Structure formats: structure tokens, C-alpha cells
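Examination of the molecular architecture
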Amino acid sequence: MRRTVSDRAFETAFLFKCAVAAIVVVTFGASEAAAKVAGIQLAPHRAVYDMKLSDTEQQSGIAGLSGRMVYEFSGNACEGYSVNFRFVTEFRDLSGGSQVTDLQTTSFEGPDAESYQFLSKTYVDQKLVESSRGLARTETGLKAVELKEPDEKSLQIGQDVQFPTEHLMNIVKTAQDGGHFTASDIYDGAETGDKVFGTTAVIGAKAVGIVPEIDGERQDALDAVASWPVTVAYFDPSTQENSGEQTPVYQLSFRLFENGVSDKLVLDYGDFKIAGTMTALELRDLTDKSDCE
């Protein structure tokens, strides 16, 4: 059955909610993960991306797409990390209809990934259609989630499931160590807050000096920062079939810089793709609190 423009708008908003965190890691326990990423410093920054339809097939039902994504990251290893994210996009279907989707999320991840708080709201044509809010904590042998929205309930997820900033730091560490493949289960409160997604990723060759250009100007602050091309496949375990190779829900490709900045986004939904180009970048001062005195 062909998906409507409303379906696509909502799905793509959810996709970005998952994808912008760059949630790809090698699977291991939380305490071991914290030790492995010690010394990784992510740069507080604000990045803006223009989004557009780059490729589509007729069965997608999409005639056009445009939008903007704003991503703000702050914090440090001692005090924890905050993310504010907004993605607004307009879809146009083959019959001439259009719809505007506005996804807004905020989250805070505690030091050593011991806790994760999140709030997410999705609006379609200025009407709230989905909201999720909750708190996840690392406990002995597992991670527990207390959801407040859309419904109050408790659930447990595996000890090896990763939170977003923990994931981002791990993919940087994997790349620094020369690794080219990672896999993990991830949790970021997506959809109704009760799903864990599987991911696999391929990391390409390291490069230095490949930096974004904004309004024709090279971003010299990234000139000496190492980066890697990364492709991530996302899987929904709840839809996994008993036999045969599992098909990813979507794939995300991007260039990941060693300080956590991402550029050249491409979202592949199978029958359509969305490309994101960085149009603004503000790198903020990094307070070195690696010793956590």
C-alpha cells in the first residue's frame, strides 16, 4: 500500500530523531564502555543543515521535500551532556498536497551513561501528534526506563544497550582505533519510548583536511580534525522474520569528525533519499574536565 505524505512526514521526523545522535557502537557493558571512551572529547557546538530530496522512486509518493535541521550539543564528561534538536520539513506529494512536520527533542545524558532523560514532541501542520518523555537509569545487570508520556509505565532494557552520547563517543573511539565495523543495540526514547533498535555500521578510511564549506568559506577550525565516512543501518527487532536476512528500516551515511561534528548527511529510505548540507556551524569553548575533580 502506498504511504501518504502524512505517513512519510511522520516517519522521516522519527528517523532524524534516531539518526542525528550518530548512535553506533561496539556492543559491551556500560562500565567497560565508559573505560574504553575515557579521554574522548566532544566539542560543544551548534550546527544547521538544509535538507532536500536527493533521489526518489514513483512508489514513494513524494514529489518534493525541503527542510532545516538544527542540532545543539553541550556538556562534558564530568557534568553530563545535553542535546537540543529541531527538524522542520515540508513534504509535497504527487497530487500537489503538502504537509509540514516539526520535531523537537531535548535530552540529558549523565556522566558515564548512568542516566538518560528525554522529551520529544512531533507536530504535523502545527498539531501535536506524538509526545514521549521519560528517564532511563543504569542499574545492576540491566537498564530500567520510567516512561511518563505517552503513557506511564516501566520497562527494562539490556545492560549492553547504549545511550546516544555514549554511542557517539564509542564510534569515535572505534574509528580512532582503526576499526571498520561496529554493531550495537541502542535506546534514545524514540517513537513511544519503548523500543530498542539494532544498528550495524561501516567506518571508512580516516582523512584530515576534508572540511565543510559554508557560503564558500572553508571551516578552518575543522581543518586539522580527523574524520571518517560512516554508513549506519538501523533495524527494528520487533519486525524481524524467523528466517532470511533482515532488511534495515533505513540507512544513514555521514562524515563524522573526531570532535563529534557531522556533515554530508544522506538518509536512505529505500524508495527515497534525503540529503543534508551544513549551512552554519558554531564551535563553542570546550571546558576540559576529564579528571572530574
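As a reminder, the structure under discussion sits directly above these lines.
Let me begin by describing the structure that accompanies this report. (Residues numbered from 1 in each chain as written. Predicted model: local features only at pLDDT ≥ 70, side-chain atom pairs only at ≥ 80, totals over all residues. Heavy atoms only, no water.)

Things to note about the packing of aromatic side chains
Applied cut-off: Ring pairs are drawn from Phe, Tyr and Trp, using the six-membered ring of Trp, whenever the two centres fall within 6.5 Å, and their geometry is named by plane angle: stacked under 30 degrees, edge-to-face over 60, tilted for the rest. For a lysine, the NZ atom is tested; for an arginine, the CZ atom; a charge sits over a ring if that atom is within 6 Å of the ring centre and within 35 degrees of the ring normal.
If you walk through the whole model with that rule in mind, you get seven aromatic pairs. The ring centre of F163 lies 4.2 Å from the NZ or CZ of K143, which sits over that ring.

A word on the pairing of strand β17 (residues 272-283)
Condition: Following DSSP output, two strands are said to pair if at least two bridges run between them. Think of it this way: any DSSP run of H or I at least four residues long counts as a helix, any run of E at least two long counts as a strand, and we number them from the N terminus.
As judged from the 11 bridges shared by strand β1 (residues 45-56) and β17, these two strands associate in the antiparallel manner. Across the sheet, residue M51 finds its bridge partner in β17, namely G276. Here strand β16 (residues 262-268) pairs with β17 via four bridges, running antiparallel. From the neighbouring strand, L265 faces β17, where its bridge partner is G276. Connecting β16 to the next strand, β17, in antiparallel fashion are three residues, including G270 with a positive phi near 95 degrees.

Section: the pairing of strand β8 (residues 153-158)
Of the pairings in the sheet, the one linking strand β7 (residues 142-149) to β8 comprises six bridges and is antiparallel in character. Residue A144 lies in a different strand from β8, and its bridge partner there is Q156. Between β7 and the antiparallel strand that follows it, β8, lie three residues.

Considering the environment of Q126
Note that Q126 resides in the loop between β5 (115-124) and β6 (127-139). The spacing of Q126 and T101 is 25 residues in sequence and 7.7 Å in space, taken between C-alpha atoms.

With respect to unusual backbone geometry
In the segment running from E149 into P150, the intervening peptide bond is cis, with an omega of 5 degrees. Of note in the backbone geometry, D112 takes a positive phi value of approximately 55 degrees without being a glycine. With respect to the helices and strands, the residue D112 is situated in the loop between β4 (98-109) and β5.

A closer look at the side chain of N170
Inclusion rule: Each polar contact in these results corresponds to two N or O atoms within 3.5 Å; when the atoms are within protein, one needs to be able to donate a hydrogen and the other to accept it, and residues that are neighboring in sequence are counted only if both atoms are side-chain atoms.
If you trace the backbone, N170 turns up in helix α3 (residues 164-176). A polar contact is formed between the side chain of N170 and the side chain of Q162, at a distance of 3.3 Å.

As for the pattern of salt bridges
Stated precisely, the cut-off is as follows: Each salt bridge in this description consists of a side-chain nitrogen of Lys or Arg and a carboxyl oxygen of Asp or Glu lying within 4 Å of one another. The buried label applies to any residue whose accessible area, calculated with a 1.4 Å probe on protein chains only, is under 20% of its type's maximum; exposed applies above 50%, and partly exposed to all values in between.
In the structure shown here, the tally under the stated rule is 11 salt bridges. Of the charged contacts in the structure, one is a salt bridge between R284 and E72, with a shortest N-O distance of 3.5 Å. You can see R284 sitting in the segment after β17 and its partner E72 sitting in strand β2 (residues 62-76), a full 212 residues away along the chain. Under the relative-accessibility criterion, R284 is labelled partly exposed at 33%. The exposure class of E72 is partly exposed, given its relative accessible area of 26%. Across the salt bridge formed by K143 and E166, the nearest N and O atoms sit 3.7 Å from each other. Of this pair, K143 sits in strand β7 while E166 sits in helix α3, placing them 23 residues apart in sequence. One exposure class covers both K143 and E166, and it is buried.

Considering the environment of T122
With respect to the helices, strands and loops of the structure, T122 is situated in strand β5. A relative accessible area of 5% places T122 in the buried class. Once the C-alpha coordinates of T122 and Q104 are considered, the two residues, 18 residues apart in sequence, prove to be 6.4 Å apart.

Quick look at the environment of D50
The condition is simple: Here, two residues are considered to be in contact whenever any of their heavy atoms come within 4.5 Å of each other.
By the element assignment, D50 lies in strand β1. Through-space distance from the C-alpha of D50 to that of V70 is 9.1 Å; in sequence the pair is 20 residues apart. Leave out the neighbours within four places in its chain, and D50 touches G67, R68, A275, G276, T277 and T279. There is a polar contact of 3.2 Å between the side chain of D50 and the side chain of R68.

Considering α3
The line we're drawing: Multiply 1.5 Å by the residue count of a helix minus one, and that product is the helix's expected span.
For α3, with 13 residues, the first-to-last C-alpha span of 19 Å sits near the 18 Å given by 1.5 Å per residue. Judged by how many residues are buried, α3 sits mostly within the fold: 11 of 13 residues are covered. When we look at burial in α3, the residues that qualify are P164, T165, E166, H167, L168, M169, N170, I171, V172, T174 and A175.

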